[in-house]
Amino acid sequence: MKKKKIYEGKTKKLYECEDEAELVQEFKDDAVASSKAKSHSVKGKGALNCQISAQVFRFLDSYHIPNHFIRELSDKEMLVKKLAMIPVVVMVRNVAAGSLVKRYGIAEGRELECPIIEYYLKDDERDDPMINEDHIISFGHATSEEIKEMHRMASKINAVLRAFFRRRDLKLVDIRLEFGRLHGKILLADELSLNTCRIQDLQHMDHGILDGDNKHIQDLLYEIRDRIFLS
Ligand code: ATP
């Protein structure tokens, strides 16, 4: 089914398929906190994140949130719809962490009054700078209508996933989303896993906020995966 490798990023490889409208997304074991961080491998992490991502995409399907997931192909590969990607990361924050803490001096772990939606340009050279709607429109990355649609979808995805995680004793701290276009429609793409979601384990609050590169998450990966698979 896989043909030529067309892209290798920090956490995934993309392959063309027989059907030009589809891609194979293969999850790597590499763990990276940011584009400048040194990469290291955690055995089995690719497979776990692929399985978690597939489960979360299936869950979003049940809420009619359009996304690129078609089906799993192996423990670390999934078949997806090929999209024209919008080079913007849409970040939704529920709890203060990471750059929000550094930039604004808000205490880490503080519950935000309401979710904050931010946009970042996907640009490794410049460490994904934060941008606003005017930048996105002026630079030609998306139209005003498309930004409204991404914002609407991001809010809904966050609301649905917060409840999904909460039922599993996990708090969704923040989530990084990527979108693409297909036949004039906006679809959720990329992955929804511990690479892109920060979480807090309500059963192990002493571990603090967990992101993909946090040492505690490596001990908890399998336990968290099992909880995500609870129906
Ligand atoms: P970043 O971590 O900033 O996203 P990266 O390029 O290293 O950077 P990876 O997740 O390793 O990220 O690579 C996956 C790439 O595949 C990303 O560039 C993402 O935009 C792209 N992508 C995800 N889903 C699709 C899709 N359905 N069609 C086309 N490209 C996609």
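A brief structural summary.

What counts and what doesn't
Residues numbered from 1 in each chain as written. Predicted model: local features only at pLDDT ≥ 70, side-chain atom pairs only at ≥ 80, totals over all residues. Heavy atoms only, no water. Helix = DSSP H or I, 4+ residues; strand = E, 2+ residues; numbered from the N terminus. Rg over C-alpha atoms; globule rule 2.2 N^0.38 Å. Buried < 20%, exposed > 50% of the residue type's maximum accessible area, 1.4 Å probe, protein only. Contact = heavy atoms within 4.5 Å. Areas by Shrake-Rupley, 256 points an atom, 1.4 Å probe, with all protein chains shown as cover. Lys, Arg positive; Asp, Glu negative; His and termini not counted. Charge placed at Lys NZ, Arg CZ, Asp CG, Glu CD. Core = buried A, V, L, I, M, F, W, Y, C linked by side-chain atoms within 4.5 Å. Expected span 1.5 Å × (residues − 1). Pairing = 2+ DSSP bridges. Axes fitted to C-alpha atoms, helices over the stretch in contact; angles between N-to-C directions.

Overview of the overall build of the chain
The helix and strand inventory of the chain stands at 5 helices and 14 strands. Against the compact-globule benchmark of 17 Å for 231 residues, the chain has a radius of gyration of 17 Å, which places it among compact chains. Taken over the C-alpha atoms alone, the chain extends approximately 50 × 40 × 35 Å along its principal axes. Within the chain, the fraction of its 231 residues that count as buried is 50%. When contacts within the chain are restricted to residue pairs at least 6 apart in sequence, those whose partners lie at least 24 apart make up 57%. Split by element, the accessible area of the chain, about 11500 Å² in all, is 50% carbon and sulfur. Of the side-chain charges in the chain, 38 are positive and 39 negative, and the distance between the mean point of each set is 1 Å.

Some thoughts on the nonpolar core
Ranked by size, the top nonpolar core spans 51 residues in total, and within it Leu-161 and Leu-177 carry the most contacts. If one sorts the elements of this core by residue count, helix H4 (residues 144–166) sits on top with 9 residues. Discounting chain neighbours no more than four positions away, the residues touching Leu-161 are Val-56, Phe-59, Leu-60, Leu-172, Ile-175 and Leu-192.

Details of helix H1 (residues 45–61)
In a regular helix each residue adds 1.5 Å, so 17 residues correspond to 24 Å; H1 covers 24 Å between its end C-alpha atoms and thus fits that length. Among the 17 residues of H1, 15 are classified as buried, and the element is accordingly described as predominantly covered.

Digging into the sheet that holds strand E7 (residues 77–81)
Spatially, 5 strands are ordered E1-E2-E3-E7-E6 in an open sheet, and the strand pairing comes out antiparallel. Every interior strand has two partners, whereas the edge strands, strand E1 (2–8) and strand E6 (69–74), have only one. Strand-to-strand twist across the sheet, computed as the mean angle between neighbouring axes with direction ignored, equals 30°. One ladder, built from 5 bridges, connects strand E3 (residues 22–27) with E7; its direction is antiparallel. Bridging across to E7, Glu-26 finds its partner in Glu-77. The sheet contacts of H1 involve E3, E6 and E7, and relative to E6 the element is tilted by about 150°.

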